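Topology and contacts: notes
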Amino acid sequence: MGILVENGGILTSVQDEGRYGYQKYGMSPAGPMDPRSLYLANILVGNPMGDGALETAFMGLRLRFEEDTVIAVTGGDLTPRLNGAELPMYRAVPVKKDDVLSFEGMKNGCRAYVSFAGGLDIPLVMGSKSTAMRYKIGGYEGRKLEKGDRIGFVNPQPELPNMEKRQLPQEVFPKKETVLRVVLGPQEDCFTEKGRKQFFWYSKTITNEFDRMGCRLECDPIEHKGDGNIISDGIAFGAIQVPTNGKPIIMLADRQTVGGYTKIGSVASVDLSRLAQCMPGDKVRFVQISLDLAQDLYARQMKRIRSFDVKWNA
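Anyway, here's the lowdown on the structure attached to this text. (Residues numbered from 1 in each chain as written. Predicted model: local features only at pLDDT ≥ 70, side-chain atom pairs only at ≥ 80, totals over all residues. Heavy atoms only, no water.)

A separate point is the sheet that holds strand β8 (residues 93-95). Sheet architecture is open: five strands sit in the order β2-β3-β10-β5-β8, paired in antiparallel fashion. With one partner strand each, in any of the chains shown, β2 (11-15) and β8 form the two edges of the open sheet. Strand-to-strand twist of the sheet, defined as the mean angle between neighbouring strand axes without regard to direction, takes the value 30°. In the sheet, β2 pairs with strand β3 (residues 53-57) via five bridges, with the strands oriented antiparallel. Across the sheet, Ser13 pairs through a bridge with Glu55, a residue of β3. In the packing of helix α1 (residues 35-44) onto the sheet, contacts are made with β2, β3, β5 (69-77) and β10 (108-116), and the angle to β5 comes to roughly 160°. (Pairing = 2+ DSSP bridges. Helix = DSSP H or I, 4+ residues; strand = E, 2+ residues; numbered from the N terminus. Axes fitted to C-alpha atoms, helices over the stretch in contact; angles between N-to-C directions. Contact = heavy atoms within 4.5 Å.)

This part takes up the nonpolar core. Ranked by internal contacts, the top residues of the largest apolar core, which has 44 residues, are Ile3, Leu54, Phe65, Leu101, Phe116 and Leu120. Every element with two or more residues in this core is listed here: β1 (3-8), α1, β4 (61-65), β5, β8, β9 (100-103), β10 and α4 (291-313). Beyond its immediate stretch of four places on either side in the chain, Leu101 contacts Leu61, Arg62, Leu63, Phe65, Ile71, Arg81, Leu82, Leu87 and Val114. Judged by nonpolar contacts, the second largest core, of 30 residues, contains Val182, Leu272, Cys278 and Phe286. (Core = buried A, V, L, I, M, F, W, Y, C linked by side-chain atoms within 4.5 Å. Buried < 20%, exposed > 50% of the residue type's maximum accessible area, 1.4 Å probe, protein only.)

This part is about the environment of Met126. In this fold, Met126 is placed in the loop between β10 and β11 (150-151). Here Met126 falls in the partly exposed class, since its relative accessible area comes to 37%. Once the C-alpha coordinates of Met126 and Gly18 are considered, the two residues, 108 residues apart in sequence, prove to be 9.9 Å apart. Met126 has contacts with Arg19, Tyr22 and Met27, leaving out every residue within four places of it along the chain.

Here the largest pocket defines a volume of roughly 290 Å³. If you trace the largest pocket, you find 15 residues lining it, with Tyr20, Pro35, Tyr39, Phe237 and Tyr298 closest to the centre. Elements with a contribution of two residues or more to the lining of the largest pocket: α1, α3 (272-276) and α4. Taken together, the residues of the lining of the largest pocket sort by class into nine nonpolar, four polar and two charged. (1 Å grid on protein atoms, 1.4 Å probe; cavity = no way out; pocket = protein on both sides within 12 Å on 5 of 7 lines; lining within 4 Å. Points joined across faces, edges and corners; volume = space filled by probe spheres on them. Nonpolar A, V, L, I, M, F, W, Y, C, P; charged D, E, K, R; others polar.)

Glancing now at the side chain of Asp99. With respect to the helices, strands and loops of the structure, Asp99 is situated in the loop between β8 and β9. For Asp99, which is buried and forms no salt bridge, the nearest opposite charge comes from Arg64, at a distance of 7.6 Å. There is a polar contact of 3.0 Å between the side chain of Asp99 and the side chain of Asn83. Setting aside residues no more than four positions away along its own chain, Asp99 makes contact with Leu63, Arg64, Phe65, Leu82 and Asn83. (Lys, Arg positive; Asp, Glu negative; His and termini not counted. Salt bridge = Lys/Arg side-chain N within 4 Å of Asp/Glu carboxyl O. Polar contact = N/O pair within 3.5 Å; in protein donor to acceptor, adjacent residues only side chain to side chain.)

Attention now goes to the packing of aromatic side chains. Following the criterion strictly, the structure yields six aromatic pairs and no others. Aromatic side chains Phe308 and Trp312 sit 5.5 Å apart centroid to centroid with 15° between the ring planes, which places their arrangement in the stacked category. Highlighted residues: Phe308 and Trp312, both in helix α4, separated by four residues, approximately one helical turn. One aromatic cluster in this structure is built from Phe65, Phe116 and Phe153. If you follow Arg111 out to its NZ or CZ, it ends over the ring of Phe210, 5.5 Å from the centre. (Phe/Tyr/Trp six-rings, centres within 6.5 Å; stacked < 30°, edge-to-face > 60°. Lys NZ or Arg CZ within 6 Å of the ring centre and 35° of its normal.)

Set out below in structure tokens:
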């Protein structure tokens, strides 16, 4: 086999780049909360950057390896340990049969990604390995991982070329307050001038209602011209809904496919990783940018990520 789950932790699931092309049928894309960290984890071990890996939140995941391979851990620092010793993050690390990988608790961020050289042996459902827990499909039996689960490797690699070069500076995520860049629309005209100023001028607090589906914020109500209801339309990753109560909700990886609340804007794709690593009680502040700048930032980020793939895996 590949890995034996000795403890599934608080929430661990298989996620790849996502299940796209099916939102029109009511199927959420799922996929990683922190796409950048997933991409880097896979590239570090020589996999296609959108391949399936484990997304684990907060603490508690414990895996025993049943074959030699190479792994990488990226994203939030949840104190990863290999056989009780500190495991370096953002680096390709060889592991042996019977080694144990564990996550002891949060130091910075709250979601980590574990990739395995050669990939996880998970069947594709609608072209994706991602777990959509609301629909009970994909991943490992459509659910989070639990004690006793086993997942095999497609093609385990006990060593990789350029091992000494397969490392990156560890990401440090903001604490207490995170700035998120936002593109206005498509229903920004449904808000008063005062409401739009409220949205950008004041920080907002992340509530306990924060999961893979969405992130509800606490703040003074954002003022509508009327109410917050519209004819339902599509929901993008990062869309910011503002219902009639004026409290924003940022839609995330397991979002519903359509919604009937006004959307004042969307978080730029490059900043979704920062949001994914926040905790309830943290504050976020929005800054407006243009669509052209958001697209340029995304293109530059992806160019840099792909440069690592060329550097190590060409």
